[in-house]
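A look at the structure
Here's the letter readout for the chains.
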Protein chains: 2
Amino acid sequence: MVPKARSDVLGGLLAPYAQAVEADLAQWLVEPDVPAALAEAMRYCVLGGGKRLRPALVSMSAGAVGGDAGCELARRSAVAVELVHAYSLVHDDLPAMDDDVLRRGRPTVHVQFGQAMAILAGDALLTRAFGVLAESDEALAAALARELSAAAGPAGMIAGQVADMDLCPVPGGLEGLRYIHARKTAALIRGACRMGALCGRAERKALEAISTFGHSLGLAFQLADDLLDVTATAEDLGKTAGKDASHGKRTHAALIGLEASGRLGQELTASAIAALDGLGPAADDLRTLAKLLADRTR
Amino acid sequence: MVPKARSDVLGGLLAPYAQAVEADLAQWLVEPDVPAALAEAMRYCVLGGGKRLRPALVSMSAGAVGGDAGCELARRSAVAVELVHAYSLVHDDLPAMDDDVLRRGRPTVHVQFGQAMAILAGDALLTRAFGVLAESDEALAAALARELSAAAGPAGMIAGQVADMDLCPVPGGLEGLRYIHARKTAALIRGACRMGALCGRAERKALEAISTFGHSLGLAFQLADDLLDVTATAEDLGKTAGKDASHGKRTHAALIGLEASGRLGQELTASAIAALDGLGPAADDLRTLAKLLADRTR
């Protein structure tokens with residue numbers, strides 16, 4: 001393992017993006033007239049910390065293509081992507097899904113508020129994500145909603161969850177693992193990058209570069225997550241460790257071992273960074289982020 | 001009870017709208033690359049019949065304000081609203097929610113496909129609803145998504161479900177019942193009407209008239225639903241009858257009795273129809289629909 005200091009550097013890189021999105025989340029999450037108990041559950045889902053990786057990817061990608069990372073649409077996109085990510089965790093943790101009781105060092109939403117509230121709060125976050133985008137007056141809002149729906153929808157993230165839960169046939173070996181990770185994790189990460197690039201008014205080639213980056217980064221990220229599930233403690237992770245093995249989930253660690261998995265992760269990270277070759281120094285934050293994510297310890 | 005023939009007249013009025021939306025649902029529901037098992041579950045959720053009331057309200061409302069009821073945005077709105085309605089039923093029927101096993105005369109989605117698939121298929125329908133809207137190139141798409149998110153979100157339909165599940169405090173008596181029904185049922189019905197009126201490029205006054213109509217119609221509809229739960233058979237309803245009483249739910253029937261409930265329903269229907277006074281004969285289908293819904297037997 002690399003020293004903990006690496007995770008602190010990662011935290012330092014993400015901090016300003018995280019601060020910006022916290023403020024926007026607090027502002028846009030809860031509309032007037034939401035029942036207090038529901039608003040409390042929604043805030044618990046969303047405001048409990050987390051790296052805020054996806055919002056940072058939106059902003060960094062907008063900047064990487066020469067756009068304004070702080071424009072209203074990029075901020076709305078960052079919030080929308082984080083709301084979708086948060087809802088997916090809440091529903092994923094439900095007893096009928098991964099049945100997990102610990103997330104970010106706290107009881108999961110259904111443990112804290114009951115299953116009915118967890119289902120409804122997740123639904124509310126997903127509905128609100130599209131509302132936050134649609135409340136923009138800019139013409140691009142529909143294109144962003146299209147990206148988000150495709151990334152998070154039944155051909156994207158939800159396909160990955162269906163496959164991960166063994167609810168549909170998946171090829172064996174690395175191919176199947178790639179199928180699941182590309183959808184369950186990389187689809188929304190790639191979507192965040194693409195939404196950022198669209199907000200930055202990227203030309204076709206830059207958008208494609210950012211897409212490829214996001215896809216490879218998402219695969220590398222999920223691979224690192226799998227390895228951390230084996231090597232890290234619950235205290236480090238803020239969630240149950242070793243749960244993939246105990247749930248009989250396919251993982252790279254189980255399939256090809258830790259060492260080969262580590263090499264594959266480095267290859268995916270290198271692919272991600274290589275995709276940015278045409279973008280120059282504006283993409284430096286994305287490059288640094290990709291390197292730090294590959295080496296994170298939590 | 002009124003004779004069954006009334007329900008057949010209602011069916012006849014809705015049939016052409018239902019046929020149109022069936023075709024659009026089949027076309028837009030499932031994108032390429034959706035896992036077959038997920039696509040099957042989504043189709044089961046959506047294509048199992050039902051009155052298709054909300055899509056009809058979108059079309060009729062577009063026509064009532066002098067717009068083109070068959071324009072692409074109205075068709076997309078009709079599909080989106082029906083997808084949201086379908087997802088809400090799937091999640092509502094889950095064991096942690098209303099725990100129901102029968103819907104439209106068939107096993108509920110979680111009985112047929114398991115709870116994990118029911119959660120994910122519901123999530124997929126909701127995500128897809130906003131995708132179908134966003135796939136339009138017209139500028140109005142964002143305004144429609146804003147309406148849908150507000151109607152179906154945490155200050156709308158989900159607030160009603162939270163209240164209906166006793167997850168937040170609600171006033172006693174008729175006031176509390178009105179609070180729940182306005183959100184749980186009337187919010188999406190009103191939203192469908194408003195989306196139709198927006199597609200029909202309604203002026204402010206016409207949009208307000210349609211909003212008021214939708215709100216009153218939604219309340220009348222839920223009241224009739226409550227009464228049918230007491231008076232009709234499971235065969236008529238296609239879902240479990242008498243379940244409100246067995247679940248200890250607040251209903252008009254329990255609170256003020258069948259007779260007074262019937263009168264209140266007639267008043268709400270009259271309010272709905274009165275709201276359309278400024279709209280002339282273009283709104284005749286909405287008027288007829290309101291009358292027939294009040295008298296339906298299933």
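Residues numbered from 1 in each chain as written. Chains lettered and ligands numbered in written order. Predicted model: local features only at pLDDT ≥ 70, side-chain atom pairs only at ≥ 80, totals over all residues.

Some details on the overall build of chain A
Stated precisely, the cut-off is as follows: Secondary structure is summarised from DSSP: a helix means a run of H or I of at least four residues, a strand means a run of E of at least two, and numbering begins at the N terminus for each. Every radius of gyration here is taken over C-alpha atoms, with the globule rule written as 2.2 Å times N^0.38, N being the number of residues. As a rule, residues whose C-beta atom has 12 or fewer other C-beta atoms within 10 Å are exposed, those with 20 or more are buried, and those in between are partly exposed; C-beta atoms are placed from the backbone. By definition, residues are in contact whenever their C-beta atoms, placed on the basis of the backbone, come within 7 Å of each other.
Across its full length, chain A holds 14 helices and two strands. Against the 2.2 N^0.38 benchmark of 19 Å for 298 residues, chain A shows a C-alpha radius of gyration of 18 Å, consistent with a compact globule. In chain A, which comprises 298 residues, the share counted as buried stands at 57%. In chain A, the share of contacts with a sequence separation of at least 24, taken over all contacts with a separation of at least 6, comes to 73%.

Focus on the relation of the copies chain B and chain A
Operational definition: What sets the superposition is a least-squares fit of C-alpha atoms, and only residues with pLDDT of at least 70 in both copies go into it.
Between chain B and chain A, the superposition needs a rotation of 180° and an axial shift of 0.0 Å, giving an RMSD of 0.0 Å. With respect to symmetry, the two chain copies, as superposed, fit the operation of a two-fold axis. Of the residues that chain B buries at the interface, 100% are likewise interface residues in chain A, meaning the two copies contact each other through the same surface.

So, the nonpolar core
Across soluble globular proteins, you tend to see nonpolar side chains buried next to one another. For the record, the criterion: By convention the nonpolar core is taken to be a set of buried residues drawn from Ala, Val, Leu, Ile, Met, Phe, Trp, Tyr and Cys and joined through C-beta atoms within 7 Å.
Grouped together as the largest cluster of nonpolar side chains are 214 residues, with contacts concentrated most on Ala121(A) and Ala121(B). Ignoring anything within four residues of it in the chain, the contact list for Ala121(B) reads Leu38(B), Ala41(B), Met42(B), Cys45(B), Val90(B) and Val109(B).

Some points on the interface of chain B and chain A
Listed per partner, the contact involves 47 residues of chain B and 47 residues of chain A. Mapped by element, the contributors of at least two residues to the side of chain B that touches chain A are helix H2 (36-46), helix H6 (115-134), helix H7 (141-152) and helix H8 (157-164) of chain B. When residues in the side of chain B that touches chain A are grouped by element, the largest group, 13 residues, is from H6(B).

Focus on the packing of helix H6 (residues 115-134) of chain A against H7(B)
Heads up, the condition is: Here an axis means a line fitted to C-alpha atoms, over the contact stretch when the element is a helix, while the angle between two N-to-C directions is reported on a 0 to 180 degree scale. Take the far helix as your reference; a near helix turned counterclockwise from it by less than a right angle gives a left-handed crossing, and one turned clockwise gives a right-handed crossing. Nonpolar residues are Ala, Val, Leu, Ile, Met, Phe, Trp, Tyr, Cys and Pro. Charged residues are Asp, Glu, Lys and Arg, and all others, Gly as well, are polar.
In contact at an axis separation of 8 Å, H6(A) and H7(B) are set at 145° when each is read in the N-to-C sense. Handedness of the H6(A)/H7(B) crossing: left-handed. Each of Thr127(A), Arg128(A), Phe130(A), Gly131(A) and Ala134(A) in H6(A) lies in contact with H7(B), whose residues at this interface are Ala142(B), Ala145(B), Arg146(B), Ser149(B), Ala150(B) and Ala152(B). Here the contact of H6(A) with H7(B) is composed, by residue class, of six nonpolar, three polar and two charged.

A closer look at helix H13 (residues 252-275) of chain B
What counts is decided by this rule: For a helix, the expected span equals 1.5 Å multiplied by the number of residues minus one.
For H13(B), which comprises 24 residues, the first-to-last C-alpha distance of 24 Å sits more than 12% below the rise-based estimate of 34 Å (1.5 Å per residue). Among all positions of H13(B), only His252(B), Ala253(B), Ser261(B), Gly265(B), Leu268(B), Thr269(B), Ala272(B), Ile273(B) and Ala275(B) are buried.

Digging into H6(B)
For H6(B), spanning 20 residues, the distance from its first C-alpha to its last is 29 Å, which sits close to the expected 28 Å at 1.5 Å a residue. Among the 20 residues that make up H6(B), 19 are buried, leaving the element largely enclosed by the rest of the structure.

As for the environment of Arg250(A)
Residues and elements named next belong to chain A. Counting through the fold element by element, Arg-250 comes out in the loop between helix H12 (243-246) and helix H13 (252-275). The exposure class assigned to Arg-250 is buried, which follows from the 20 C-beta atoms found within 10 Å. Separated by 76 residues in the primary sequence, Arg-250 and Leu-174 have C-alpha atoms spaced 9.3 Å apart. The contact partners of Arg-250, leaving out residues within four places of it in the chain, are Gly-176, Leu-177 and Leu-255.

Digging into the environment of Pro171(B)
Here Pro171(B) lies in the loop between H8 and helix H9 (173-199). Not counting residues up to four positions away in its chain, the partners in contact with Pro171(B) are Gly176(B) and Tyr179(B).

Quick look at the confidence of the model for chain A
Note the threshold: pLDDT measures how confident the predictor is about each residue, on a scale from 0 to 100.
Looking at chain A as a whole, the pLDDT averages 92, with 93% of positions reaching at least 70. Under the prediction, the complex receives an ipTM of 0.95, its pTM being 0.95.

Description of the environment of Phe113(B)
Residues and elements named next belong to chain B. Along the chain, Phe-113 turns up in helix H5 (residues 109-113). Among the residues examined, Phe-113 registers 21 C-beta atoms within 10 Å and is labelled buried. Each C-alpha atom of the pair Phe-113 and Ala-41 lies 7.0 Å from the other, and the pair is 72 residues apart in sequence. Setting aside anything within four residues of it in sequence, one finds Phe-113 in contact with Ala-41 and Ala-118.

A short note on the packing of helix H7 (residues 141-152) of chain A against helix H9 (residues 173-199) of chain A
The description of two packed helices rests on the angle between their axes and on the distance between the axes. Residue and element names in this part refer to chain A. Test applied: Note on angle classes: values under 35 degrees are labelled roughly parallel, values over 145 roughly antiparallel, values of 65 to 115 roughly perpendicular, and the remainder oblique.
Contact pair H7 / H9: the axes reach a minimum separation of 8 Å and the direction vectors enclose 170°. Here H7 is positioned roughly antiparallel relative to H9, judged by the angle of their axes. Between H7 and H9, the residues in contact are Ala-143, Leu-144, Glu-147, Leu-148, Ala-151 and Ala-152 and Ala-187, Leu-188, Arg-190, Gly-191, Arg-194, Met-195 and Leu-198, respectively. Residue composition of the contact of H7 with H9, by class: nine nonpolar, one polar and three charged.

Structural notes on unusual backbone geometry
Notably, Arg52(A) is not glycine yet its phi reads approximately 60°, a positive angle. By the secondary structure assignment, Arg52(A) is in the loop between helix H2 (36-46) and helix H3 (53-64). Here the phi dihedral of Arg104(B) falls at roughly 50°; this positive angle occurs in a residue that is not glycine. Following the sequence through the fold, Arg104(B) ends up in the loop between strand E1 (102-103) and strand E2 (106-107). Judged by local crowding, Arg104(B) falls into the partly exposed class, with 13 C-beta atoms found within 10 Å.

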